[in-house]
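Structure assessment
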Amino acid sequence: MFKNLFVNTTQSVIGAINRLENQAAKESSVSNLEDTVKEMQDAVDGLSENTLSVRDSVDDSGDGMKVEMRMLQDRMVAKLDELKSSVDLMTRRMDEEDEKLNLLSLNLLAQDCQDLYVTSANTSGVYFLQRFGRKVLCDMEDGEGGWLVVQRRIKAAQQVDFNRDWLEYKTGFGELESEFWIGNGFLHVLTNQKTYEMKVEMLDYEKGAYWASYSAFRVGSEEDGYPLDLGNYTGNASDAFTYHHGRKFTSYDRDNDLYDVGNCATFFSGAWWYDRCYDAHLNGIYPSTPDRQNASFITWWAHEEGRKVPLVLTEVTVKLKPKQD
């Protein structure tokens, strides 16, 4: 009787392993994997109880029977270990699939670089936002990361021309790994889905690095002229951008500025949120041979020792990040 009990138990172990492993190999969804793991765990629990029953029976039997039954018990324990290993493997596979699905869903829903950052995308570079079907440049290393770069000016083998028309500024232009403008259409959509803060990093050709941050940055619709909405300033570059708060966007072919005798984009080269005309102009001509007399250069007016001084910029990065509560 003892032998038959153990043989039957051993056969059930082998059958469970083969059946459940074959089933698990065919599963493609996390829910099916969960069902498979649960079934295997239930089998382990049941077989463990049988093992205890057999061991108790063996202890009460004769010496010859004990030897034979112990050998059979060793075989069953080995098979039981195999089954437990299979359960562990299926559990790891299930956890991996869960993680992959979570990351995939987060990437599909990502609205900006901050959303990508929380998925452990912590390296700066070009990423693809599935939600918008476009590539973006992310700065994942400044502070707590998650910055989306919307404009950049640097010295390049061939400088990008920023003196462009309304449509080009709407759609964006340039190269993400060089100089670019991300596009007013995207800026409008992006900055109206959350509240964003803005940071401008700049380098004057003689004076070195400066920065300016604004607690809010939003761009209105094209119908309204892409008006600029800014929050409060902090930084070391002087507050030159607030002068442009509330202003509509102006290009050489669409004059929305407040300058009575002409178009600021025509006078100073490059579209911008001009007033009469500017205190900050980051879309100006790149200063290949910089000086402080050419008002068409990339410029940020600063206050130093009680007087206004133009910072002439050879590097600029404008980036946005969701405002933290």
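Above this note sits the structure.
The shown structure was predicted, so the numbers you read here are calculated from the model rather than taken from an experiment. (Residues numbered from 1 in each chain as written. Predicted model: local features only at pLDDT ≥ 70, side-chain atom pairs only at ≥ 80, totals over all residues. Heavy atoms only, no water.)

Description of the overall build of the protein
Secondary structure assignment for the protein yields seven helices and 12 strands. Of all 325 residues assigned to the protein, the portion counted as buried reaches 44%. Of the contacts made within the protein by residues no fewer than 6 positions apart, 55% connect residues no fewer than 24 positions apart. (Helix = DSSP H or I, 4+ residues; strand = E, 2+ residues; numbered from the N terminus. Buried < 20%, exposed > 50% of the residue type's maximum accessible area, 1.4 Å probe, protein only. Contact = heavy atoms within 4.5 Å.)

Focus on a nonpolar patch on the surface
Together, Tyr259, Val261 and Phe267 line one region of the surface with nonpolar side chains, adding up to about 300 Å² of accessible area. Along the chain, the position of valine 261 falls in the loop between strand E9 (233–235) and helix H7 (264–268). Its relative accessible area of 62% is what places valine 261 among the exposed residues. (Patch = residues over 30% accessible without salt bridge, like charges linked within 9 Å, V, L, I, M, F, W, Y side chains within 5 Å. Areas by Shrake-Rupley, 256 points an atom, 1.4 Å probe, with all protein chains shown as cover. Salt bridge = Lys/Arg side-chain N within 4 Å of Asp/Glu carboxyl O.)

Quick word on the state of the cysteines
The full count for this structure, using the stated rule, is two disulfides. Residue cysteine 113 pairs covalently with cysteine 138 via a disulfide, S to S 2.0 Å. Torsion about the S-S bond of the cysteine 113 and cysteine 138 cystine: about -75°, corresponding to left-handed handedness. Residue cysteine 113 is located in helix H4 (residues 113–117), and its partner cysteine 138 is located in strand E2 (residues 134–139); the two are separated by 25 residues in the primary sequence. When its relative accessible area of 2% is taken as the criterion, cysteine 138 is described as buried. Here cysteine 264 is linked by a disulfide to cysteine 277, with a sulfur-sulfur distance of 1.9 Å. Between cysteine 264 and cysteine 277 the disulfide shows an S-S torsion of about -85°. By sign, it is left-handed. Taken together, the residues span a long stretch of sequence, with cysteine 264 in helix H7 and cysteine 277 in the loop between H7 and strand E10 (280–281) at a distance of 13 residues. Exposure class is identical for cysteine 264 and cysteine 277. Each is buried. (Disulfide = S-S within 2.5 Å.)

Focus: the side chain of arginine 153
Mapped onto the elements of the fold, arginine 153 is located in strand E3 (residues 147–153). Using a relative accessible area of 1% as the deciding quantity, one classes arginine 153 as buried. There is a polar contact of 3.1 Å between the side chain of arginine 153 and the side chain of glutamate 179. Side-chain polar atoms of arginine 153 contact the backbone oxygen of leucine 282, separated by 3.0 Å. In this structure arginine 153 touches Val160, Phe162, Glu179, Leu282, Asn283, Gly284, Ile285, Tyr286, Ile298, Thr314, Glu315 and Val316, once residues within four positions along its chain are discounted. (Polar contact = N/O pair within 3.5 Å; in protein donor to acceptor, adjacent residues only side chain to side chain.)

Structural notes on the pattern of salt bridges
The tally for this structure, following the rule as stated, stands at 17 salt bridges. As a salt-bridge pair, lysine 319 and aspartate 139 come within 2.7 Å of each other at their nearest N and O atoms. On the criterion of sequence distance, the pair formed by lysine 319 in strand E12 (residues 307–322) and aspartate 139 in strand E2 is long-range, its members being 180 residues apart. Comparing lysine 319 with aspartate 139 shows no difference in burial state: the two are buried. Its salt-bridge partner being lysine 207, residue glutamate 304 comes within 3.3 Å of it at the nearest N-O pair. You can see glutamate 304 sitting in strand E11 (residues 299–304) and its partner lysine 207 sitting in the loop between strand E6 (196–204) and strand E7 (208–219), a full 97 residues away along the chain.

So, unusual backbone geometry
Note that the residue after arginine 276, namely cysteine 277, is joined by a cis bond; omega there is 10°. Despite not being glycine, serine 238 has its phi angle at roughly 75°, a positive value. With respect to the helices and strands, the residue serine 238 is situated in the loop between E9 and H7. One non-glycine residue, glutamate 305, lies in positive phi territory at about 55°.

What to know about the environment of valine 312
Along the chain, valine 312 turns up in strand E12. Among the residues examined, valine 312 registers a relative accessible area of 2% and is labelled buried. Valine 312 sits 106 residues away from glutamate 206 along the chain, and the two C-alpha atoms are 8.4 Å apart. In this structure valine 312 touches Leu203, Asp204, Tyr205, Pro287, Pro290, Asp291, Arg292, Phe297 and Ile298, once residues within four positions along its chain are discounted.

Description of the packing of aromatic side chains
If you walk through the whole model with that rule in mind, you get 20 aromatic pairs. When the centroid spacing of 5.6 Å and the interplanar angle of 65° are considered together, the rings of tyrosine 169 and tryptophan 181 count as edge-to-face. With tyrosine 169 in helix H5 (residues 166–171) and tryptophan 181 in strand E5 (residues 180–181), this pair connects stretches of sequence that are 12 residues apart. Tryptophan 181 carries the same exposure label as tyrosine 169, and that label is buried. Ring centres 5.2 Å apart and planes at 65° place the aromatic pair tryptophan 272 and tryptophan 273 in the edge-to-face group. Overall, tryptophan 272 belongs to the buried group, its relative accessible area being 2%. Taking the relative accessible area as the measure of exposure, tryptophan 273 reaches 1% and is therefore buried. For the cation-ring pair, arginine 134 lies above phenylalanine 186, with the distance from its terminal atom to the ring centre recorded as 4.4 Å. One residue, lysine 199, lies across the ring of tryptophan 211, its end atom 6.0 Å from the ring centre. (Phe/Tyr/Trp six-rings, centres within 6.5 Å; stacked < 30°, edge-to-face > 60°. Lys NZ or Arg CZ within 6 Å of the ring centre and 35° of its normal.)

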